[in-house]
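The lines below spell out each chain.
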Amino acid sequence: MEFETLKKSHKKEILIGAVVFILIVIVLIVRASFAKYQTTKNVTIAEGTVNYKVPDFKIMAMYKNDGAGDVEITTMPEEGYEINKEKSYCTTDNVNKVYNKVFTNEEGKHVITGLSKDSKCYIYFDKKVTAGETILGNSTVNEGTPDFGKTSCTSGCSESTVGLYSTKDDDGVTYYFRGDVTNNYVKFANKFWRIIRINGDGTIRLIYQGTSATSTGTNAQIGTSAFNTSYNDNMYVGFKYTSGQVHGTGTESKILQSLNNWHTENLKNHIDKIDTNAGFCGDRTPSTSSYSTDNLGGTGSTITYYKGYLKYVYSEKLPTLICPTEDLYTLTGATKGNKSLTYPIGLITADEVSMAGGVYGTTSSNYYLYTGQAYWTITPWGFDSLGARILRVTENGSFYYNGLLNSTYGVRPVINIRSDVTLTGTGTASDPYVVVGGNS
């Protein structure tokens, strides 16, 4: 009898345990079915994380707007969206709404914070406008191709060649500013810059303008430097170079060392906004012929004519933004180029100067790159009995070659801003674009 009683008691315990287990499973299923309306710690959503300080509040509904109005969604949107803080709100009584607790911060993190326990939130997401889209929205893209053999001007011209134009680079369609434009100013890292172009990958290429939007002369550069301290070998035309190699990257040029030092001192607190994949083209395609490319020369004391010579002395002066991989200076860890740079900083190319309105050997002050001072480009010109030569922008606004022997000229850093940063302003000198966002 005692055995039977124990047996029945054991069965009863098993039955109770089974019921409890089933109830737990049901609760878990119910909670899972409502999970899309609840937020837990460190839920990753568009471009960041929802941070909150109060448990058990609910996301009742979500909407996203791709430009055609709000559409209700059941899952968090992918990257490229930000919370519309004017529309998004939370409430505890379905009457009083709190708007300022739901927003996307400057680092791109979505934040919900400072709420009551029973808050119910309604979140509206807007498709984020890229930096390039902001710039294009404030400009008109001109059709056709300018005459790169003529200077750009704003009046007295038979054909206007001022504004924004498009062409191709290694990554797609790029949009470049030309002439005496007044809507390509940027304020970044407590400095002023001018937009050279929107790169094909959506990043924004900037050239240093100074501590004021209206800086000219020596104030529009970070100082002066030799390109390289030696000149008697082809390798010294390189932004980086190696003895005996046409496209070597073993040693930093003197000017690259200057740029790296400036980067460390001035940009270290802003690196999350600077793109690390875009590069700087120092085309060292060699030729022993002075009128066509034969891919010979480029080492030692062999007389060599680089693309910068052939293009602007013996061709139709047509610039290009297509760059040989081995001469595209990119950061270590980049997905393209020679991956040899320590910091993502470089110089403007002669091709970009030409597209902006400069003409080889011709005086011009009618374009935004003119400062009244000479400064280096990154583009090799050639090597002859007088040594290595690099193209530079001259004091009168033309661009022309210069030997490296005893040559010291201005340094104007060039950087690339990430495509996902947020730009405010209209791009004028009095209301420049200001970089205020982007993922860290």
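**Q** Is there a simple way to think about the side chain of T371 in this case?
**A** Inspection of the secondary structure puts T371 in the loop between helix 5 (350-356) and strand 21 (375-384). From its side chain, T371 meets the backbone nitrogen of Q373 in a polar contact 3.2 Å long. Every residue in contact with T371, bar those within four places of it in the chain, is listed here: T216, G217, A220 and R412.

**Q** What should I look at first to understand the confidence of the model for the protein in this one?
**A** The predicted structure's coordinates, where accompanied by low pLDDT, should not be read in detail. Per-residue confidence for the protein gives a mean pLDDT of 86; residues scoring 70 or more make up 83%. Across residues 1-8, where pLDDT falls below 50, the model places zero contacts with residues more than four positions away in sequence or in other chains. Contacts of residues 29-54 to residues separated by more than four positions or lying in other chains number 58 contacts, the stretch itself having pLDDT below 50.

**Q** Before we go on, may I ask you to explain the pairing of strand 12 (residues 185-188) in this structure?
**A** Look at any regular strand and the pattern is simple: side chains alternate between the two faces of the sheet. The pairing of strand 12 with strand 13 (residues 191-198) spans four bridges and is classified as antiparallel. Paired with F188 across the bridge in strand 13 is K191. Between strand 12 and strand 13, which pair antiparallel in sequence order, lie two residues; one of them, A189, sits at a positive phi of approximately 55°. Note that strand 12 and strand 27 (residues 433-435) share two bridges and pair parallel. Across the sheet, the residue bridging to K187 is V434, located in strand 27.

**Q** Looking at this structure, I do not really get the pattern of salt bridges. What am I missing?
**A** Once their charged atoms are close, side chains differing in charge can pair, the charge on each being opposite to the other. Here the structure, examined in full by the defined rule, presents 13 salt bridges. Close ionic contact of D327 with R284 constitutes a salt bridge, the shortest N to O distance being 3.0 Å. Of the two residues, D327 is situated in the loop between helix 4 (307-313) and strand 20 (328-329) and R284 in the loop between strand 18 (280-281) and strand 19 (304-305); the sequence distance between them amounts to 43 residues. Side by side, D327 and R284 carry an identical accessibility label, which is buried. Salt-bridge contacts for R418 lead to D420; the nearest nitrogen and oxygen are separated by 2.8 Å. For R418, a relative accessible area of 22% gives the class partly exposed. Connected through shared salt-bridge partners, D169, R197, R205 and E352 make up one network.

**Q** Before we go on, may I ask you to explain the nonpolar core in this structure?
**A** Buried together is how nonpolar side chains tend to be arranged in soluble globular proteins. Judged by nonpolar contacts, the single largest core of 67 residues is most densely connected at F188, W193, F239, L347 and L369. For F188, the contacting residues outside a window of four places in its chain are W193, L267, H270, K273, I274, I415, I417 and V435. Core analysis: the second largest hydrophobic core is formed by 13 residues, F57, M62, Y81 and F125 among them.

**Q** Whenever I open this one, the packing of aromatic side chains confuses me. Can you help?
**A** The way to describe two aromatic rings as a pair is by their centre distance and the angle between their planes. One pass over the structure, following the stated rule, counts 19 aromatic pairs. A connected cluster of aromatic rings, assembled from ring pairs, spans Y305, Y309, Y312, Y314, Y360, W381, F399, Y400 and Y401. Positioned above the aromatic ring of Y89, the side-chain terminus of K97 is 4.5 Å from the ring centre. Just above the ring of Y375 sits the side chain of R412; from NZ or CZ to the centre is 4.9 Å.

**Q** So what exactly am I meant to see when it comes to the side chain of T304 here?
**A** Counting through the fold element by element, T304 comes out in strand 19. Within the structure, T304 has its side chain in polar contact with the side chain of N234 (distance 3.5 Å). A polar contact is formed between the side chain of T304 and the backbone oxygen of T302, at a distance of 2.9 Å.

**Q** Explain the state of the cysteines here, please?
**A** Simply put, disulfide is the name for a covalent bond between the sulfur atoms of two cysteines. Under the defined criterion, the tally for this structure stands at two disulfides. Two residues share a disulfide in this structure: C90 and C121, whose sulfurs sit 2.0 Å from each other. Residues C90 and C121 are joined by a disulfide whose S-S torsion is about 105°; by sign, that bridge is right-handed. Taken together, the positions of C90 in strand 6 (residues 89-91) and C121 in strand 9 (residues 120-127) put the pair 31 residues apart, joining distant regions of the chain. Look at C90 and you get buried, because its relative accessible area is 1%.

**Q** Would you mind showing me how to read the environment of W262 here?
**A** For W262, the location among the structural elements is in helix 3 (residues 254-266). Along the sequence, W262 and I222 sit 40 residues apart, while their C-alpha atoms lie 8.0 Å from each other. Among residues more than four places away in sequence, those in contact with W262 are K191, W193, Y208, I222, L267, I345 and P413.

**Q** What am I meant to see in unusual backbone geometry here?
**A** If a residue is not glycine, its phi is most likely negative; likewise, a peptide bond is most likely trans. Despite not being glycine, N295 shows a phi value in the positive range, around 60°. Here N295 is to be found in the loop between strand 18 and strand 19. Residue N295 is classed as exposed on the basis of its relative accessible area of 53%.

**Q** So what exactly am I meant to see when it comes to helix 3 here?
**A** One turn of the α-helix equals 3.6 residues, which is why residues spaced by three or four share an orientation. When the terminal C-alpha atoms of helix 3 are compared, their 19 Å separation across 13 residues agrees well with the 18 Å that a helix rising 1.5 Å per residue should span. Against the buried residues of helix 3 lie strand 13, strand 14 (204-210), strand 15 (224-225), strand 16 (240-241), strand 17 (251-252) and strand 21.

**Q** Honestly, the environment of M62 in this entry has me stumped. Any pointers?
**A** Positionally, M62 belongs in strand 3 (residues 58-65). It is 9.3 Å that separates the C-alpha atoms of M62 and P77, two residues lying 15 residues apart in sequence.

**Q** Just to check I follow, could you spell out the pairing of strand 21 for this structure?
**A** Across the ten residues that make up strand 21, a large majority, nine, are buried. Pairing of strand 21 with strand 22 (residues 387-393), which is carried by six bridges, proceeds in the antiparallel orientation. Within strand 22, the residue paired with W376 across the bridge is R392. Between strand 21 and the antiparallel strand that follows it, strand 22, lie two residues.

The rules behind each value
- Residues numbered from 1 in each chain as written.
- Predicted model: local features only at pLDDT ≥ 70, side-chain atom pairs only at ≥ 80, totals over all residues.
- Heavy atoms only, no water.
- Helix = DSSP H or I, 4+ residues; strand = E, 2+ residues; numbered from the N terminus.
- Polar contact = N/O pair within 3.5 Å; in protein donor to acceptor, adjacent residues only side chain to side chain.
- Contact = heavy atoms within 4.5 Å.
- pLDDT = per-residue confidence, 0-100.
- Pairing = 2+ DSSP bridges.
- Salt bridge = Lys/Arg side-chain N within 4 Å of Asp/Glu carboxyl O.
- Buried < 20%, exposed > 50% of the residue type's maximum accessible area, 1.4 Å probe, protein only.
- Core = buried A, V, L, I, M, F, W, Y, C linked by side-chain atoms within 4.5 Å.
- Phe/Tyr/Trp six-rings, centres within 6.5 Å; stacked < 30°, edge-to-face > 60°.
- Lys NZ or Arg CZ within 6 Å of the ring centre and 35° of its normal.
- Disulfide = S-S within 2.5 Å.
- Expected span 1.5 Å × (residues − 1).

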